[in-house]
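A closer look at the structure
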Amino acid sequence: VGALFLIPARPVASGAGESFLQNIRSGMRYAFASPGIRACLTVGGLVGVLLAPLTWLIAVIATDGFDTGEGEFGVLASSFGFGALLGAVLLVFIEQHVPHRRVVVAALLSMSSFVILAGLVPELWMGVVVLFLAGASFTPAVSTVVAAMQAHTDDEFRGRVMSLWLMWFGLVSPLAVIIQGVIAELMSIGVALVLTGVVSIIAMLMFVASGRHRAIDPPPA
């Protein structure tokens, strides 16, 4: 919060003359007219549907996957959190030398692989290691996508584009959790995780094959 006060304020053109609905429409037109923002929203939907629910299913992984209790659940959740922290630290060094699109693709493919492993490993300590690595992949993917989308957005539309991101990401994740929870109930949490990881890898490879991942890279300064 203190750092925010160190950022010099700049006057920004506002849409004060537009109604609420006009602001929404103009923001959506702006977002979908930009290949870069569209690519970032696509990746955000992929993360929200296939990978973000992993963090909400850790309790099920602990109880159903490893047949453990509250203490072990805490260990699993903490391992993902520590991995996410490590990913944030590593991103500081990586983002200076690696294009955004490569960070996103590598991080999402890595996390997808770790999601599959989370559904296959038989021992709790293996699950702790896998969730740690999944967390280390999660933060670079999401942070890089958000940073890229910010770079593609003009100040006038920044609030509307970021609210579109939050709405999209926040809408698809709960729906995905319900679907994955049903699969875990009917089959097992292991099957749900393996299916999630496989579908995520296929979707990401199709995204890369289409060439749209190149649009993630921010425009030259």
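Structure shown above.
Just so you know, these numbers come straight off a predicted model, no measurement behind them.

Rules used throughout
Residues numbered from 1 in each chain as written. Predicted model: local features only at pLDDT ≥ 70, side-chain atom pairs only at ≥ 80, totals over all residues. Heavy atoms only, no water. Helix = DSSP H or I, 4+ residues; strand = E, 2+ residues; numbered from the N terminus. Rg over C-alpha atoms; globule rule 2.2 N^0.38 Å. Buried < 20%, exposed > 50% of the residue type's maximum accessible area, 1.4 Å probe, protein only. Contact = heavy atoms within 4.5 Å. Areas by Shrake-Rupley, 256 points an atom, 1.4 Å probe, with all protein chains shown as cover. Lys, Arg positive; Asp, Glu negative; His and termini not counted. Charge placed at Lys NZ, Arg CZ, Asp CG, Glu CD. Core = buried A, V, L, I, M, F, W, Y, C linked by side-chain atoms within 4.5 Å. Expected span 1.5 Å × (residues − 1). Patch = residues over 30% accessible without salt bridge, like charges linked within 9 Å, V, L, I, M, F, W, Y side chains within 5 Å. Salt bridge = Lys/Arg side-chain N within 4 Å of Asp/Glu carboxyl O. Polar contact = N/O pair within 3.5 Å; in protein donor to acceptor, adjacent residues only side chain to side chain. Axes fitted to C-alpha atoms, helices over the stretch in contact; angles between N-to-C directions. Parallel < 35°, antiparallel > 145°, perpendicular 65-115°, else oblique. Left-handed = near helix turned anticlockwise from the far one by under 90°. Nonpolar A, V, L, I, M, F, W, Y, C, P; charged D, E, K, R; others polar.

This part covers the overall build of the protein. Check the secondary structure of the protein and you find nine helices and zero strands. Written out in order from the N terminus, the α and β elements of the protein read α-α-α-α-α-α-α-α-α. Scaling as 2.2 N^0.38, a compact globule of 221 residues should have a C-alpha radius of gyration of about 17 Å, and the protein matches this with 19 Å. C-alpha extents for the protein along the principal axes are approximately 60 × 35 × 35 Å. Buried positions account for 42% of the 221 residues belonging to the protein. Sequence separation of at least 24 residues holds for 80% of the intrachain contacts in the protein that already meet a minimum separation of 6. Here the protein displays about 11900 Å² of accessible surface, and carbon together with sulfur accounts for 70% of that area. Averaged over its 10 positive side-chain charges, the protein has a centre that lies 21 Å from the centre of its 12 negative ones.

Take the nonpolar core next. Within the largest apolar cluster, 51 residues are counted, with the highest numbers of intra-cluster contacts made by Val43, Leu54, Phe80, Leu108, Met111, Met149 and Ile216. If you list the elements that add at least two residues to this core, you get helix 1 (20-33), helix 2 (35-51), helix 4 (58-65), helix 5 (70-94), helix 6 (100-120), helix 7 (124-152), helix 8 (158-186) and helix 9 (189-209). Not counting chain neighbours up to four residues away, the residues in contact with Leu54 comprise Ile61, Phe80, Met111, Val115, Leu131, Ala134 and Leu193.

Its 21 residues give helix 6 an end-to-end C-alpha distance of 31 Å, which sits within 8% of 30 Å, the value for a rise of 1.5 Å per residue. Of the residues making up helix 6, those classed as buried are His100, Val103, Val104, Val105, Ala107, Leu108, Met111, Ser112, Phe114, Val115, Ile116 and Ala118. Residues of helix 6 that are buried sit in contact with helix 2, helix 3 (53-56), helix 5, helix 7 and helix 9.

With that settled, consider a nonpolar patch on the surface. Among the surface-exposed residues, Leu171, Leu175, Ile178, Val182, Leu186, Met187, Val191 and Leu195 lie close enough to one another that they form a single nonpolar patch of about 780 Å² accessible area. Of all the secondary-structure elements, those providing two or more residues to the nonpolar patch are helix 8 and helix 9. You can see Val191 is positioned in helix 9.

Within the secondary structure, Ser200 sits in helix 9. Side-chain polar atoms of Ser200 contact the side chain of Ser112, separated by 2.7 Å.

In this model, helix 5 (25 residues) spans 36 Å end to end at C-alpha, consistent with the 36 Å of a helix rising 1.5 Å per residue. Its buried side turned inward, helix 5 meets helix 3, helix 4, helix 6 and helix 7.

With that settled, consider the packing of helix 7 against helix 8. Following both chains from N to C, one finds helix 7 and helix 8 inclined at 150°, their axes separated by 10 Å at the closest point. Considered as vectors, helix 7 and helix 8 are oriented roughly antiparallel to each other. Seen from above, helix 7 lies across helix 8 with right-handed handedness. Residue-level inspection shows Val142, Val145, Val146, Met149 and Gln150 of helix 7 in contact with helix 8, the latter providing Arg158, Val161, Met162 and Trp165. Across the contact of helix 7 with helix 8, the residue classes break down as seven nonpolar, one polar and one charged.

Moving on, we get to the pattern of salt bridges. One pass over the full model with this rule turns up two salt bridges. Among the salt bridges present, the one from Asp217 reaches Arg101, with a minimum N-O distance of 2.2 Å. Pair noted here: Asp217 is in the segment after helix 9 and Arg101 is in helix 6, with a separation of 116 residues, a long-range link. Across the pair Arg158 and Asp155 runs a salt bridge, and its minimum N-O distance is 2.7 Å.

Looking at the secondary structure, you find Arg160 in helix 8. With relative accessibility at 18%, the residue Arg160 sits in the buried group. Within the structure, the side chain of Arg160 is placed 3.0 Å from the side chain of Asn23, a separation counted as a polar contact. Sequence-distant contacts of Arg160, defined by excluding residues within four places in its chain, comprise Glu18, Asn23, Ser26 and Gly27.

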